Amino acid sequence: MISLQELNALPAPQFVAALAGVFERSPWVAERVASARPFASVPQLHAAMCAAVGSASLDEQLALIRGHPELAGRAAIRGELTPESTREQQGAGLAACSPQEFARLQELNAAYSRKFGFPFVLAVKGHTRASVLEALQQRVGHGLEEERATALREIGRIARFRLAELLADPLGVRIIAMAQHLARFSEDSQGLTCTYLTPAHRATAAEIRDFMLSAGLEVSIDAVGNVVGRWSGADDDGGTLVTGSHYDTVVNAGQFDGRLGILLPIAVVADLRHAGLRLPFTLTVIAFAEEEGVRFKSAFLGSRALTGTFDTAALDSVDAGGTSLRQVLEDAGLDPAAIPGAALDPRTLLGFVEVHIEQGPVLLEAGAPVGVVTSIAGSVRGVITLVGLSGHAGTVPMGSRRDAAAAAAEIVLAVERRCSGTPGLVGTVGQLHVPGGAMNVIPGHCQLSIDIRADLDEVRKAAFADVMADVERICAARGVSFQWQRALETASVPCSARLQRRWAASIGRAAGIAEPRHLPSGAGHDAMVMAGMTEMGMLFVRCGNGGISHHPAESLTAEDADVAARVFADFLLSYA
Ligand SMILES: [Zn+2]
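The structure presented is a predicted model; accordingly, all values stated were derived computationally and were not measured. (Residues numbered from 1 in each chain as written. Predicted model: local features only at pLDDT ≥ 70, side-chain atom pairs only at ≥ 80, totals over all residues. Heavy atoms only, no water.)

(A) Representation of the overall build of the protein chain within the structure. A count of helices and strands for the protein chain gives 21 helices and 18 strands. Counting over 576 residues, the protein chain shows a buried share of 51%. In the protein chain, of all internal contacts separated by at least 6 residues, the share reaching a separation of at least 24 is 78%. Carbon together with sulfur atoms contributes 53% to the accessible area of the protein chain, which is approximately 24700 Å² in total. For the protein chain, the distance from the average position of its 49 positive side-chain charges to the average position of its 62 negative side-chain charges is 2 Å. (Helix = DSSP H or I, 4+ residues; strand = E, 2+ residues; numbered from the N terminus. Buried < 20%, exposed > 50% of the residue type's maximum accessible area, 1.4 Å probe, protein only. Contact = heavy atoms within 4.5 Å. Areas by Shrake-Rupley, 256 points an atom, 1.4 Å probe, with all protein chains shown as cover. Lys, Arg positive; Asp, Glu negative; His and termini not counted. Charge placed at Lys NZ, Arg CZ, Asp CG, Glu CD.)

Here you go:
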């Protein structure tokens, strides 16, 4: 392996020679991007090479496709393949075809090349002999142009896998580059929106699958669309440590929420494998398909399926377009009936850990790149409806009014006052509404929401009780009646004390921070669902820009991603 930095510094002919094996028998691809150096990351180099292929002439593209060998074809048998192709074909088990499989492959290969005039090209990583045959059979049915595009896409995937074998770039740089790459798959052209099972979401899953394959994980996609990558341990009975986060996003999201917790473990696994290391236990990296609850009313669909707590009644819920969850799953080729079978077996689990950006300013203000999460806050959320008496804004004297909006204003300040000054406690009035309000009418009705969260349940409950006592007092004094309708109440989910100690020790060893910051999470995460099944721990990574998240300005530096990756690697290596 060479580093990207070294590659950037090579004279052009050596640069081309170093990348000779990436695009089969086509050195012109590397030649055309040599002058675009330096590349900031391997994904950026890959994108430039694919763009060079995309803008090449039709003849050059065809020559590139024809430069590839047939899969398990005569050249393979005669031993005439490039070293890269030989390795890949062996990896898919194509060297071990049965006579029947070999005959079928030969027959389909012949039909294919008769029809298109070029050999069948497939990135075989992650394929089995059966799935290779299935893909070949399906693609023989394509039209010429569609198939040429498919072949070039597969050549791009092969190049990504070959670059991953050839080149190393710093972990942090690679993680950021992968997140930027995923952000290109969005429902709108302006920012990043990737909600459950939309075409952008499906494309993101396919890219994550390729990243996992590049890193050497075995990959499957389960019945709700979770992408599950597995790195078998040296010991079959060593149990399984699970890590991961979500790849769906809110509308107009940032690039790192959720995705960091997928891409960071993938990058770390690739590095550990390249270093020839193997863990004594199995590591499963999960890209959860749904956490945010944007498209359907239910959230955490991915982690609920994996913990066996998926509520099948949710299958009948509909999105804004009126399509049911069941239909959306079926349209994506997923089987709703198979969801209960996606659950993990708790007896094999060593624990669940999630790496996530903090989504707040605490680490930023403390000057710390990473921190140990103590618990995920519990919350109470609901709506207060206030009823006073409406009247003429000009004729009712101030002392005779029963103004519902003025009562609401006092309540907003009461929430703010009660929830200030206690560490871990926050209170918010996010909605404030005067139904049918007019400029010249005293508000007779008002609605407001209250959201109170704390890392300790007793703190949350005490704050909520005090706020409701304030509401009662304020309303009585103003002759306004009220009704509280609770929408949600969840208990806080503590992180395992043992895993907190392990994270702290890893931060000490890998980041040189002897007394790492401990902090609660005010936001919900997949980890709180996974905690119902196994021991749970979380690592927070510092966000820039004041800690903003769920926003395009969400940011993470390559340096912080690198620190977090080294902490994660230490955590794995010391976990046995
Ligand atoms: Zn998240």
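Now that the structure has been shown, we can carry on.
(B) Structural view of the side chain of Glu290. Here Glu290 is to be found in the loop between strand E6 (282-288) and helix H14 (301-306). Buried within the structure, Glu290 lacks any salt-bridge partner; Arg304 is the closest side chain of opposite charge, at an N-O distance of 8.2 Å. Engagement of the side chain of Glu290 in a polar contact is seen with the backbone nitrogen of Phe300, the distance being 3.2 Å. In this structure, Glu290 is in contact with Tyr196, Asp248, Ser298, Ala299, Phe300, Leu301, Gly302 and Asp526, ignoring residues within four places of it in sequence. (Salt bridge = Lys/Arg side-chain N within 4 Å of Asp/Glu carboxyl O. Polar contact = N/O pair within 3.5 Å; in protein donor to acceptor, adjacent residues only side chain to side chain.)

(C) View of the layout of surface pockets. The calculated volume of the largest pocket comes to roughly 1200 Å³. Around the largest pocket sit 41 residues that line it, and Arg381, Arg453, Gly522, Ala523 and Gly524 are the ones nearest its centre. Elements supplying a minimum of two residues to the lining of the largest pocket: strand E9 (378-387), strand E14 (445-454), strand E15 (481-490), strand E17 (518-521) and helix H20 (526-530). Taken as a whole, the second largest pocket encloses approximately 970 Å³ of empty space. Lining the second largest pocket are 30 residues; nearest its centre among them are Arg153, Glu154, Arg157, Glu207 and Asp210. Elements supplying a minimum of two residues to the lining of the second largest pocket: helix H4 (42-54), helix H9 (129-140), helix H10 (144-166) and helix H12 (199-214). In terms of residue count, H10 provides more of the lining of the second largest pocket than any other element does, 7 residues in total. Looking at side-chain class alone, the lining of the second largest pocket contains 11 nonpolar, 9 polar and 10 charged residues. (1 Å grid on protein atoms, 1.4 Å probe; cavity = no way out; pocket = protein on both sides within 12 Å on 5 of 7 lines; lining within 4 Å. Points joined across faces, edges and corners; volume = space filled by probe spheres on them. Nonpolar A, V, L, I, M, F, W, Y, C, P; charged D, E, K, R; others polar.)

(D) Structural detail: the coordination of the zinc ion. Those donors, His246 (NE2), Asp257 (OD) and His356 (NE2), are the protein atoms that reach the zinc ion, and they lie 2.0 to 2.2 Å from it. All donors to the zinc ion come from one chain, and their sequence spacing reads H-x10-D-x98-H. Taken together, the positions of His246 in strand E5 (residues 240-246) and Asp257 in the loop between E5 and helix H13 (260-274) put the pair 11 residues apart, joining distant regions of the chain. The pair His246 / Asp257 is uniform in exposure class, with both members buried. (Donors = N, O, S within 2.8 Å, 3.2 Å for Na, K, Ca; no water.)

(E) Here's a closer look at helix H18 (residues 457-478). End to end, H18 covers 32 Å across 22 residues, agreeing with the expected 32 Å (1.5 Å per residue, within 8%). Every buried residue belonging to H18 is among Arg460, Ala463, Phe464, Val467, Met468, Asp470, Val471, Ile474 and Cys475, and all of these are buried. Burial along H18 is one-sided: seen end-on, the buried residues are contained in an arc of 160 degrees. In H18, the exposed positions angled more than 90 degrees off the buried face are occupied by Glu458, Glu472, Ala476 and Ala477. Among the residues trailing H18, Gly479 stands out with phi positive, at a value near 65 degrees. (Expected span 1.5 Å × (residues − 1). Arc of directions from axis to C-beta.)

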